[in-house]
Amino acid sequence: MDKPGTEDLVSLTQRPQWAALAAHATQFAQTHLRELFAADPERGRRLCAEGAGLHLDYSKQRVDDQTLRLLHELAASCDVHGRTAAMFSGERINRTEDRSVLHVALRMPKGERLEVDGVDVVAQVHEVLDRMAAFSERIRSGAWTGHTGKRIRNVVSIGIGGSDLGPVMAYEALRDFSDRGMHFAFVSNVDGTDFSEAVRGLDPAETLFIVCSKTFTTLETLANAHAARRWCLESLAGDDDAGDDGAVAKHFVAVSTNTDGVRDFGIDTENMFGFWDWVGGRYSMDSAIGLSTMIAIGPDNFRDMLAGFHAMDVHFRDAPAERNLPVLMALIGIWNNDFLGADTVAVLPYAQYLKRFPAYLQQLTMESNGKSVTLDGRRVDYQTGPVYWGEPGTNGQHSFYQLIHQGTRLVPCDFIGFCEPLSPLREQHDLLMANLFAQGEALAFGKTADEVRSGGAAEALVAHKTFEGNRPSSTILARKLTPHALGALVALYEHSVFVQGVIWDIDSFDQWGVELGKVLAKRTASELAAVDSPRLRHDSSTNALIERYRDQRGAH
């Protein structure tokens, strides 16, 4: 992409649109949501938007029409529309790595074209998807058998970061659509307990491992992959003359681009599924990284999920900013983060199947926008990515909601719910959703001291039972948690993260912050494994901790 022009070099906080928002925030600070709703009886029906099967109600956010107008003016001044077009056209908007950002190509329908450097990347994507589908059907039908001829009944996916969080989240979210005759497990932590527990009770002869590593050099993933190889071979290698290679080839496949590394491990490269450098790890769950998802839910459901992604992509690309769900979510997030002083966002899915969705969003949001320098390397003088966290409702109501309602910190909330249950227990679903709606209402309007008194509370307890309200939240509703709805929901947050990154003038698609710890860990690992006491060259704290660990760990 071209270097930034004169306008782009103006610091964000020096833009007149930013100054106007800051002034508005000062004037707006004491305005309560009670007043906003009282002044506009139609607010709840007016401040909402639809897209790709999702309904966004943002009427309980602390905004008015002027707030929204000023936020849209800020977005226009930062050329959000132009940067969006640049992403969809394949320009190299990941500047620090000089790469295109084309996760949107992963879900384009077959027959569409998107050329990058003269290559139709959509055709490449569908070639891989077709191979994934054929392989998945062989596993699901029993046509693929293990080294001893037994059918594969267990699938263990090995990865870390984006190669794990997306597949885990998708499997849990779409478990209702999965093949219940198969068992799926996921290994990411280099802590050996993670692997040991994942394979406990499994028959190696019925187990397939999917090793997910783009470079096939990720230390944690390779450590677990080699542990899986040993576990498998201890049972299977001696069964016939094919030996180790025969057993590995029937029980391991790879999602990688490193053909030599995959071959050296013993995996048949015919069973290697690739992807591209324009796919970031945290944007890869709909690429070959989703192979375990496809095996679990089947190719048709996987394609339906891709269609949900694409529907939100089209909405984001084409819908006017005032009705554009990712743009609205992004701008409201910037308002809360930079002008209302909210350092965090709680994501609260009222769907047990989405129990891993907040963890997935932690990487998507914080690895993307946890940056402190602009695209041209200048230190920012404003807050960028907030902290994302959350748990499914109603569990969270009995733990951390106390802080959200009556604590001293402002915690904007995203409530996520579905109108139709997947469970046959419909009455319980009504109760679940009643809690979702009630929590948003309670956060917005609270309970005044007079209302507490009128309820007969003792005066000594009035302050304790008063809820100040004015706590902002958005509610996202879909009809039902289907593969299509999940794809649209993930894409909604992906594009919201992108819009925020554009406005903050940061690179949302690199992650240099994870590199230093990796480099230091390599050096430290050799010191921990040394037979003789190594000469330590760390700070006094790290040296002392290493010495204590070596002293107390016992012999290997």
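All of these numbers come straight from a predicted model, not from anything done at the bench. (Residues numbered from 1 in each chain as written. Predicted model: local features only at pLDDT ≥ 70, side-chain atom pairs only at ≥ 80, totals over all residues. Heavy atoms only, no water.)

1. Observations concerning the overall build of the protein chain
So, point 1. For the protein chain, the count of helices and strands is 22 helices and 13 strands.
So, point 2. By the compact-globule yardstick of 24 Å for 556 residues, the protein chain fits well, its C-alpha radius of gyration being 26 Å.
So, point 3. In terms of its C-alpha atoms, the protein chain occupies a principal-axis envelope of roughly 80 × 60 × 60 Å.
So, point 4. Within the protein chain, buried positions represent 54% of all 556 residues.
So, point 5. Expressed as a percentage of contacts within the protein chain between residues at least 6 apart in sequence, the contacts between residues at least 24 apart total 73%. (Helix = DSSP H or I, 4+ residues; strand = E, 2+ residues; numbered from the N terminus. Rg over C-alpha atoms; globule rule 2.2 N^0.38 Å. Buried < 20%, exposed > 50% of the residue type's maximum accessible area, 1.4 Å probe, protein only. Contact = heavy atoms within 4.5 Å.)

2. Details of helix α5 (residues 80-89)
So, point 1. For α5, the full list of buried residues reads Val80, Arg83, Thr84, Ala86, Met87 and Phe88.
So, point 2. In this structure, the buried side of α5 is in contact with α4 (65-77), α13 (299-318) and α20 (483-504).
So, point 3. Backbone geometry just after α5 places Gly90 at a positive phi near 90°.

3. Let's talk about the sheet that holds strand β9 (residues 272-273)
So, point 1. Overall, parallel pairing links the five strands, which are arranged β6-β5-β7-β8-β9 in an open sheet. Two strands bound the open sheet, and with one partner strand each, they are β6 (183-187) and β9.
So, point 2. Bridge count between strand β5 (residues 154-158) and β6: five bridges; the pairing is parallel. Bridge pairing in β6 links Val155 to Phe184. (Pairing = 2+ DSSP bridges.)

4. A short note on the packing of helix α21 (residues 515-529) against helix α22 (residues 540-552)
So, point 1. Two elements in contact, α21 and α22, have axes separated by 10 Å at closest approach and are oriented at 40°. The angle between α21 and α22 places the two elements in the oblique class. Judged by the sense of rotation from one axis to the other, the crossing of α21 with α22 is right-handed. From α21, Thr524, Glu527, Leu528 and Ala529 reach across to α22, where they touch Ile546, Tyr549 and Arg550. (Axes fitted to C-alpha atoms, helices over the stretch in contact; angles between N-to-C directions. Parallel < 35°, antiparallel > 145°, perpendicular 65-115°, else oblique. Left-handed = near helix turned anticlockwise from the far one by under 90°.)

5. As for the packing of aromatic side chains
So, point 1. Taken as a whole and assessed by the stated rule, the structure comprises 25 aromatic pairs.
So, point 2. Over the ring of Phe37 we find Arg43; its NZ or CZ atom is 5.3 Å from the centre of that ring.
So, point 3. Between Arg229 and the ring centre of Phe265, over which it is positioned, the NZ or CZ distance is 5.6 Å. (Phe/Tyr/Trp six-rings, centres within 6.5 Å; stacked < 30°, edge-to-face > 60°. Lys NZ or Arg CZ within 6 Å of the ring centre and 35° of its normal.)

6. Points about the side chain of Glu172
So, point 1. Tracing the chain through its elements places Glu172 in helix α7 (residues 162-173).
So, point 2. Overall, the relative accessible area of 14% leaves Glu172 in the buried class.

7. Quick look at the pattern of salt bridges
When the charged atoms of two side chains with opposite charge come close together, those side chains can pair.
So, point 1. Under the criterion given, the structure shown has 26 salt bridges.
So, point 2. The partner of Arg99 in a salt bridge is Glu97, and the shortest N-O contact between them spans 3.9 Å.
So, point 3. The partly exposed category is assigned to Arg99, whose relative accessible area is 28%.
So, point 4. Note that Asp450 and Arg453 form a salt bridge whose closest N and O atoms lie 3.2 Å from each other. Placement of the pair is Asp450 and Arg453 together in helix α18 (residues 449-454), with a separation of three residues, close to one helical turn. (Salt bridge = Lys/Arg side-chain N within 4 Å of Asp/Glu carboxyl O.)

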